[in-house]
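Listed below, chain by chain, are the residues.
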Amino acid sequence: MKLRYLLLCLFIAFSYTTVKAQSTELKFCDLTWNSQSKNSSESMPCGGGDIGLNVWCENNEIYFYISKSGTFDENNTFLKLGRVRIKLSPNPFSDTNFKQQLSLQDGSVIINGKNGNLATQVKLWVDVYRPVIHIEINSDHPVKAEAAYESWRYRDRESHGQENNQGSWKWDNAVQVKTIKDSIRFTNNAVQFYHQNKDTSVFDATVSEEGLESVKSQLFNPLRNLIFGGMLTGEDMKPAGRYTGKYQNTDFEGWILQSDKAKTKQELEVDLNTTYADSSKIWQERLDSVTHDAKANRSSALKATQNWWKQFWERSYIFINPDNTNPDNTACQVGRNYQLFRYMLGCNAFGKYPTKFNGGLFTFDPVYVNPSFNFTPDFRNWGGGLMTAQNQRLVYWPMLKNGDFSMMKPQFDFYLHSLHNAELRSKVYWGHEGAAFTEQIENFGLPNMAEYGLKRPAGLDKGVEYNAWLEYTWDTVLEFCQMMMETQHYTDADIKQYIPFIESCLTFFNEHYQYLAKQRGIKTFDGDGHLVLFPGSGAETYKMAYNSTSTIAGLQTVLKTLLQLPPQYLTAEERTKWETMLKRLPPLNFREFNGHKTISPAQSWERINNVETMQLYPVFPWGIYGVGKPDLDIAINTWKYDTLAIKFRSGVGWKQDNIFAARMGLTKEAADLTTYKLKNSGRRFPAFWGPGFDWTPDHNWGGSGMIGLQEMLMQVDDKKIYLFPAWPKDWNVHFKLHAPYNTTVEATVKDGKVTSLIVLPKERAKDVVNML
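Here goes a summary of the coordinates provided. Every chain begins its residue count from 1, and numbering advances along the sequence as written. Predicted model: local features are reported for residues with pLDDT of at least 70 only, side-chain atom pairs are reported and counted for 80 or more only, and whole-chain, interface and lining totals are derived from all residues. Think of the side-chain values as coming from all heavy atoms in the structure, minus any hydrogens and water.

**Remarks on the pattern of salt bridges**
A side chain with one charge may pair with a side chain of the opposite charge, provided their charged atoms come close.
And then number 1: What counts as a salt bridge is simple: a side-chain nitrogen of Lys or Arg found within 4 Å of a carboxyl oxygen of Asp or Glu. Within the structure shown, the criterion is met by 31 salt bridges.
And then number 2: A salt bridge links Arg 130 to Asp 293; the nearest nitrogen and oxygen atoms lie 2.8 Å apart. One end of the pair, Arg 130, is in the loop between β8 (118-126) and β9 (132-151); the other, Asp 293, is in helix α3 (residues 280-296), and 163 residues separate them in sequence.
And then number 3: According to the relative accessible area criterion, Asp 293 is partly exposed, its value standing at 33%. A helix here means a DSSP run of H or I that spans at least four residues, while a strand means a run of E at least two residues long, and both kinds are numbered starting from the N terminus. We call a residue buried when its accessible area falls under 20% of the maximum for its residue type, exposed when it is over 50%, and partly exposed in between, using a 1.4 Å probe and counting protein chains only.

**Overview of helix α2 (residues 202-209)**
And then number 1: All of the buried residues in α2 are Val 202, Phe 203, Asp 204, Thr 206 and Val 207.
And then number 2: Buried-residue contacts for α2 involve α9 (449-452).
And then number 3: Within two residues after α2, Gly 211 carries a phi angle of roughly 70 degrees, on the positive side. When checking whether two residues touch, look at their non-hydrogen atoms; a contact exists if any pair is within 4.5 Å.

**Here's the deal with the sheet that holds strand β31 (residues 768-770)**
And then number 1: Read across the sheet, three strands follow the order β26-β27-β31 without closing on themselves; strand pairing throughout is mixed. Strands at the two margins of the open sheet, each flanked by one partner only, are β26 (714-717) and β31. The mean inter-strand angle of the sheet, taken between neighbouring strand axes irrespective of direction, is 20 degrees.
And then number 2: Judged from the four bridges that link them, β26 and strand β27 (residues 720-723) form a sheet pairing that is antiparallel. Note that in β27 the partner of Val 716 across the bridge is Ile 721. For two strands to pair, DSSP has to find at least two bridges joining them. Working convention: axes come from line fits to C-alpha atoms, limited for helices to the stretch in contact. Angles between N-to-C directions cover 0 to 180 degrees.

**A look at the pairing of β9**
And then number 1: Burial within β9 is extensive, with 15 of its 20 residues counted as buried.
And then number 2: Pairing analysis gives seven bridges linking strand β5 (residues 83-89) to β9, with the strands arranged antiparallel. Counterpart to Arg 85 in the pairing with β9 is Ala 148.
And then number 3: The sheet contact formed by β8 and β9 spans seven bridges and is antiparallel. Counted as the bridge partner of Thr 120 is Ser 139 from β9.
And then number 4: The hairpin turn running from β8 into β9, its antiparallel successor, is five residues long.
And then number 5: Taken together, the eight bridges between β9 and strand β17 (residues 263-276) define a ladder with antiparallel strand orientation. Within β17, the residue paired with Glu 136 across the bridge is Glu 267.
And then number 6: Pairing of β9 with strand β16 (residues 250-259) involves six bridges; the strand directions are antiparallel. Residue pairing in the sheet places Ser 151 in a bridge with Glu 253 of β16.

**Details of α3**
And then number 1: Between the first and last C-alpha of α3 there are 24 Å, a value that for 17 residues agrees with the 24 Å anticipated at 1.5 Å per step.
And then number 2: Along α3, the positions that sit buried rather than exposed are Trp 283, Gln 284, Leu 287, Val 290 and Ala 294. Projected down its long axis, α3 carries its buried residues within an arc of 115 degrees, all on one side. Counted as exposed and oriented over 90 degrees from the buried face of α3: Lys 281, His 292, Lys 295 and Ala 296.
And then number 3: On its buried face, α3 sits against β9, β13 (190-196), β14 (226-234), β17 and α4 (298-315). Multiplying 1.5 Å by the residue count of a helix minus one yields the expected span of that helix. In this description, one arc is meant: the one made by directions from the helix axis to the C-beta atoms.

**What to know about the environment of Lys 597**
And then number 1: Along the chain, the position of Lys 597 falls in strand β24 (residues 596-599).
And then number 2: Residue Lys 597 is classed as partly exposed on the basis of its relative accessible area of 41%.
And then number 3: Considered as a pair, Lys 597 and Gly 453 are 144 residues apart in the sequence and their alpha carbons are 39 Å apart.

Have a look at this one:
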């Protein structure tokens, strides 16, 4: 009994020490600025729930942009919800006594200023559980506050040329694209603002262009009846007029609220609401409910939000060289920026829509990404409601090892909502079953109209995109099928809701390629009884491919994982069906370079169109080759000798060479490329990478860096856990990551030696292989 009590005390003491150490290490990752910013590109992210703010102080005034998941207009542009400006009188800010800090522990941004005898603190935080932004102002002497809501959508705005890349019209020159103005007004000592989508949108044009009018009434349309906006209020603040101005290159109108007298303590709120409704009256009623709920829970909201962030940070972390606070140490930058990027992902934990690869919730004035883009703050390249699978996947794969399983739901829901539309494509175009998902799809599951091809040859298959990059690129949805099943592998979660989706995606390949074979001749399969995956594609690179290796590897892995699920997920008939399909898959392709056997991207292809190294997709994401697995030398040969694999190698944007290197145990290469990914971005906020191939902040740049770092530390193969398979011995680290079977691994490495290792549950320790 005494021994049991002693062990319990030791466990509690050790747990307390670990949590305390983790809290101290996290605090070293907080970001502090001791001077004001020049413009919005020097902003700091802040957020929670599904809201993101870009916060900065410029010319003694505080600004923040507001972004919220799912605010898509008629053009399918991801609109910001405006900008707020706060001015305090007397001015508490000076050049010599200023501090702005991102506090990761509770997700807030705190701005401190001192000017003479006046000292003021402004704290901004977002309620994780309700769509409310809080601004708390505390001064040691009374100050008056002026809060203005600023909007560039006070009028209709036409857009032309490249600016149309922010929505879904892109280069359709037959349409004059216009962003319809918002409704903005003073009401009850507040500023109310909202955007109400019109009945007709780019959805209608897409359906018509793609020949789906016959099933239009059955199609999911997320743009119809969508209303989004909010209300700026302040305690004892009243309307104080309107004004016009220009920020950077964009004209705007402002609505001012002003405190009735100077105070030492003041609070402002921005309450937001996004809803589907036939009238703005219903939207208003639901916004009022948000306001009432926020008021009723004001005393507990901050504590609940702080607890959520506390649990978020305790769930997973990677701290590199935690005893070294030198900001110029690149390994330290890698560890800190990993945490900063995870914070940005956490700000959309409860989003209705997934975190977008091309900026997430934190885009800023586009002129600071590309000087020639003199567009509004609503702009981001590569669309608003448009999703690109090869980019999105890199944002969501790292959430598995982070244990952020619930944060993956918005991405999964995106596909579930679009499933019926994708199935209707197969039925209308080819008369067979299965979901026909393309690489670039709208938030309603259809290909982007412009990318689909606006000037198509007569008689071209309506189901195929007339696009050199995207034609026959069907297989990228398979990674999301695998992610869905991995959540079951990691947590034993019930994934019944995803099985019909996974089966429908597999059905498309099974039926479509038999359908195409029958169009060409009398035989359905090749001479060995295999499916003929032609025409196909190795992503956007190896075009008109015959038996693309990435497609074969994806189908093989998804089918094997599906068949390994617990018996309740498949009937005996379904299991036989998928076993038959697995047997019908053609084998992977190989070729030689200088006598070395390597993986070939396909059996054959007609042209190379992009710079993706598809021949290494069997390494990542599909995990057929890797540390502790058979024939790893073939994958390493591909890395070493394949001339295009060498030519395409890079750390920019969505490039995943760092992940390949880590998966193959190539320590130096993995460390060098991951360092390039996660070192300081060159912008004031060090995790605002990009634009790379996409936009800033480039979230698939950060996501690929995050995956690479995780794989350097820990790789899993069913129950096997390989620790430090590609970890530099001169990098000290303290980390906690998740593995399959509800397992967590926490370890500390110092001077090349493992000084602590905690595996929970304890019986999983026998499956750990230390490779350091």
